[in-house]
Amino acid sequence: MSPQKEDRITQLLTALERNGVLTIPSSRTQLILRLITFTVLTAITAIVSLAIATAPDNPAGRTTALIIGLLFIALFSTASAATYRQLTQKIQLTLTPQGMRLENESGGIIEQAEWHDIERFTTIRSRLGTITTICYHLTDAGMKRRQEFLNTNPPGRNQFLLIKAPWIEKSRSVTLPSGFIVLNSNLLDLLERVHWRQRH
């Protein structure tokens, strides 16, 4: 670990210990750039799909290409909408000595977990090795507490989520959104350190 990264994580840990809470907001710049990227990709895919659909030759190939194009349009459109909600609702990650929660600017809770209910953290990485997604895995007790929270039908969660899938809500693994002001690599180290401290 580089000295700069160690210093950054130490600063965040110190702030948490001093204040009893650490709020990590979403990065407006990152989210705007991501929103622009997804919007452009959606537009390009739509134009290409339309061009293929109106091409006179190879009808079978047109149909296949059109279906693939529509799937990509749906994917990019969903990603754009999710990014827009994260941006406009000012989603933030809040850490306390007791646990962590994902919430909007008004305090509406989307996800929450106590440190002793988290078993471990895992990541999804790009081909370049950078961390694109951070997930946390719950214990049995943590899954039960999460289900009790979801059964309350929290308004903050309803405002943020585009799709509510039962299999996702019953999963042991919970995925955090990316795009916070703290880099994913630093955020992972921070979460793992706080998790270890609070469980030992």
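This text goes with the structure placed above it.
Residues numbered from 1 in each chain as written. Predicted model: local features only at pLDDT ≥ 70, side-chain atom pairs only at ≥ 80, totals over all residues. Heavy atoms only, no water.

## Focus on the overall build of the protein chain
Part 1 of the reasoning: Within the protein chain one finds seven helices and seven strands.
Part 2 of the reasoning: When its helices and strands are written in sequence order, the protein chain yields α-β-α-α-β-β-β-β-β-α-α-α-β-α.
Part 3 of the reasoning: When its C-alpha atoms are laid out on the principal axes, the protein chain stretches across 65 × 40 × 30 Å.
Part 4 of the reasoning: Counting only residues that meet the buried cut, the protein chain has 38% of its 200 residues in that class.
Part 5 of the reasoning: Residue pairs in contact within the protein chain that sit at least 24 positions apart in sequence constitute 65% of those at least 6 positions apart.
Part 6 of the reasoning: Surface summary for the protein chain: the accessible area is close to 11,500 Å², and the carbon and sulfur share equals 60%.
Part 7 of the reasoning: Of note, the protein chain has its 22 positive side-chain charges centred 4 Å away from the centre of its 15 negative side-chain charges. (Helix = DSSP H or I, 4+ residues; strand = E, 2+ residues; numbered from the N terminus. Buried < 20%, exposed > 50% of the residue type's maximum accessible area, 1.4 Å probe, protein only. Contact = heavy atoms within 4.5 Å. Areas by Shrake-Rupley, 256 points an atom, 1.4 Å probe, with all protein chains shown as cover. Lys, Arg positive; Asp, Glu negative; His and termini not counted. Charge placed at Lys NZ, Arg CZ, Asp CG, Glu CD.)

## As for the side chain of His195
Part 1 of the reasoning: Residue placement: His195 occurs in helix 7 (residues 184-199).
Part 2 of the reasoning: Once you skip the residues sitting within four places of it in the chain, His195 turns out to touch Trp115, Ile118, Glu119 and Phe121.

## Quick notes on the sheet that holds strand 5 (residues 118-125)
Part 1 of the reasoning: Ordered in space as 5-6-7, the three strands form an open sheet in which the pairing is antiparallel. The open sheet has two edge strands, strand 5 and strand 7 (173-176), and neither has a second partner. Strand after strand, the sheet turns through a mean of 30 degrees between neighbouring axes, direction not considered. (Pairing = 2+ DSSP bridges. Axes fitted to C-alpha atoms, helices over the stretch in contact; angles between N-to-C directions.)

## Quick word on unusual backbone geometry
Part 1 of the reasoning: Positive phi values are uncommon outside glycine, yet Lys90 reaches one of about 50 degrees.
Part 2 of the reasoning: With respect to the helices and strands, the residue Lys90 is situated in the loop between helix 3 (59-88) and strand 2 (92-95).

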